[in-house]
Structure formats: C-alpha cells, structure tokens
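Architecture and fold: a report
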Amino acid sequence: MTETQPSTNSPQSAALLKVKKRASGPSWPISLALMFLVIALVAAGGVWFQQKRFENVGREVATQMQALANQVNDARKDATQALSLAHSQANRIAQLEQLQLESKSQYAALEQLWAGANKGIEDAMLANDVDRLLTTASQQLRLAGNVNNAIVTLEAAQSLLIRADRARFAAVQRALSLDLDRLRAVPFIDVPQLTNRLETLSALVARAPLILPDAAAPKVVTGASSTQQPAVSLPSAVPGSGESQPSSLDAKAWWEIAIDHASRWSKSFAGMVVREFAEVVSIQRVSDANALLMSPEQGALLRANLRTRVLTAQMALLMHQSPVWKTELTQIEQSLSARYDPKSSETVAALRLVKELSAIQIAVTLPDINASFAALESVRTSEPSPAGGQ
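Residue positions are given per chain, counting from 1 as you read along its sequence in written order. Selection of residues for local features in this predicted model requires a pLDDT of at least 70, selection of side-chain atom pairs for listing and counting requires 80 or more, and totals for whole chains, interfaces and linings are taken over all residues. Heavy atoms from the whole structure form the basis of all side-chain values; hydrogens and water molecules are not counted.

Further remarks concern unusual backbone geometry. With phi around 55°, Asp 165 is a residue other than glycine that occupies positive phi space. Every helix listed is a DSSP run of H or I at least four residues long, and every strand listed is a run of E at least two residues long, numbered separately from the N terminus. You can see Asp 165 is positioned in the loop between helix 3 (147-164) and helix 4 (170-184).

Written out as structure tokens, the structure reads:
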C-alpha cells in the first residue's frame, strides 16, 4: 500500500510532521536528562563502592599501622634493654681490662723478680758444673798424665758455657780456650799402642830361647827322627851258594851291585850322623861366660826378672817417668844381647822392639789449667748484675 507523502511546503504538512515526531518517542532533552541521571547513578554507585573500599583499606592500614606501632614499641623496649645491657657489659669489660692491666703489671714484676733469682741460681749451678769439669781435667793431668782426657773434659766445659751464653762467664770461656790451645800443643804419646808393644816384648822375652837350652824355652821339633835310612838290598846270590849265576853277559856282576848299595848306605849313614851331631853340638861366640853356667832354674828366674822390668817400664810410661823408662829398657836390651840366643828370630824381634821403644821420648811437660780456675773464682766472688748477668 503506497502512502502519499504530502508536500513539505504546506502548513499542514509541517504540523503533520510534528505530530508524527511526537508520536514516535520522547524528545532529546528527556533522553539527555535520563542519560545524565543514569550516569549520575553509576557515578554515585562507583563513588559509594570506592568509599567502602577506601574505608576497608583504611581500616586494614590502620590495623597494620597499629600492629607496626606495637612492634616498634616492643623493638624500642628491646633496644632499650639491649642498650642498657650493653652499657653494663661495657662497664664490666672496662673493669676486666683494668684488672688485666693490673695483673699484667704484677706478673711482669714477679717475672722480673723470678728471672733475677733464677739467673742467680743458674749462674751458681753453672759455676759448680764448670768447677767439677775443671777439677776432673786437672786430675787427669796431674795423676794420670792423660792429655787427651783433659782436652775432652775442657771441651765439655767450653760447650756448656757456650750453650749457657752468660756474659759473666766470658773471661772463663777465654781462659778455657787458652788452656785448650796449650794442651793441644803438647806432643802426643799413644799410651795404648806403647802398652801393646810392651806386652809383645814381654811375650817375646818369655818365648825366646837362651844360649843354653832351658826348660822354659819352647821345644823345636826337627825332622831328624823321622828320617829313615835307605834300605840296602843285597844280592840274592853270593859266591859259593851253589846257585846259578846270571848267564847274560850285559848284566852287572853281583859284586858291582853290592858295592853300589854299600856306597849309598854309607853316605846316608854319614849324613844322619852329621845331622845328629849338629843338633847336639853348636859353636858360637859368647860375650858373657856366665851365660854358659846358667841352670834351667836360673833361666826361668831371668825370664821372670825381664818380664818384671817390662811391667816397670809400663808403669814408667803411665807416670811419664823418662829415667825409669830408659833404665829398664837398657837393662832388658843388655840381658837379651848377653843371655839369649842371637840367632833366634824371637831374640832379634825383641832386640829391635826394645831399641824402638828406647828411642821414644815419654817425658813431656804438661801445662796446668790454673788460669781457668782463677777466672772461675773471680766470677764467683763478683757480684751479679741486676739483670742476672746478662
């Protein structure tokens, strides 16, 4: 169905359009008012919601602030207590430090006093030890004449002073060094070696044979007793026995064989007789005729006398008595030359040993250690320094 639209130019048409517009909906002011109302309502609801939310957040923040304030108060109280405790501890530490300083000063004073007393005691003990070693060294020199033992003893005393390191004993140490230099300059005499050689001489004197056989000399086993005579084989057939003679012309006659055997037998018998007489009879030059008249008992006494002289020479060696040493060795040499068999190897060895021992000088001038004793005595009589000798 088609409607006819009236013309816009006529008044009726304009009035009709107005009526239609009114009939189709509300007017724009009303719509605008409604829109503003809705916006106002929404804004009011949002503001109310925000207000509620803000109030809740404010209450939560207030609650947290209150709790934080309570914690701060508690922390302040704890800090105050800790500060007061720290102040009290600091006061106690200061008091303890003061007490420690006082204890240190008292300990230092006591330590200084003890060090002085201890140094005095140590110096006295050190002086006693050095005195004992010096006395031992002096006894070794004066009684035994043993320079080596005296040197070892003085070196022990010197080492003791070096380890102690006391300035008060410097003079004693210098005196010990001088005494050691003098003792080291003394000629060395090997007493053990000379003693062994004297013992060897004593054994040779007891073993060497005299000019005449004696009971003390060792027996010499010769081979004469074991020498057997050669057997002489005589011919089995002699003239007139009735037995047939050898018919061979180139064979020797029986009398020639008998002559050969008899010649060999006579030569062997003559050699045996010569050896027997050589063992029984000997010819030699004797300077002392009394040596030929000695009996076996006198020979034994001579050997004992010579061994006693060897012991006397050994004692002279230990005591460094040169005259006794020379006299005893000279007497031993004379007895060996006059009474012993000069052809014996033991006699030759004994004479050579006696001459070597006689050439040794056993008399030495031993220095004393009075300088060390004097230095030690001066240290004992001097007053110790306050620092204990350091």
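The next point concerns the confidence of the model for the chain. Confidence of the predictor at the level of single residues is given by pLDDT, which spans 0 to 100. In this model, the chain carries an average pLDDT of 76, and 73% of its residues clear a pLDDT of 70 or more. Predicted confidence in the chain is weakest over helix 1 (residues 11-24), with a mean pLDDT of 58, and strongest over helix 9 (residues 345-358), with 91. In this model, residues 1-8 is a region of pLDDT below 50 whose contacts with residues beyond four sequence positions or in other chains number four contacts. Two residues qualify as a contact provided that any one of their heavy atoms is within 4.5 Å of a heavy atom in the partner residue. pLDDT under 50 marks residues 385-390. Its contacts with residues more than four places away, or in other chains, come to nine contacts.

Here we come to helix 3. To estimate how far a helix should reach, multiply one less than its number of residues by 1.5 Å. Along its 18 residues, helix 3 runs 26 Å from first to last C-alpha, staying within 8% of the 26 Å computed at 1.5 Å per residue. All of the buried residues in helix 3 are Val 147, Ala 150, Ile 151, Thr 153, Leu 154, Ala 157, Gln 158, Leu 161 and Ala 164. Down the axis of helix 3, the smallest arc covering the buried residues is 165°, so these residues share one side. Summarising the geometry of helix 3, the exposed residues directed more than 90 degrees from the buried face are Val 152 and Arg 163. Positive backbone phi, at 55°, marks Asp 165, one or two positions downstream of helix 3. Here's how the labels work: a residue is buried when its accessible area is under 20% of the maximum for its type, exposed when over 50%, partly exposed in between, all with a 1.4 Å probe on protein chains only. This arc corresponds to the set of directions leading from the helix axis out to the C-beta atoms.

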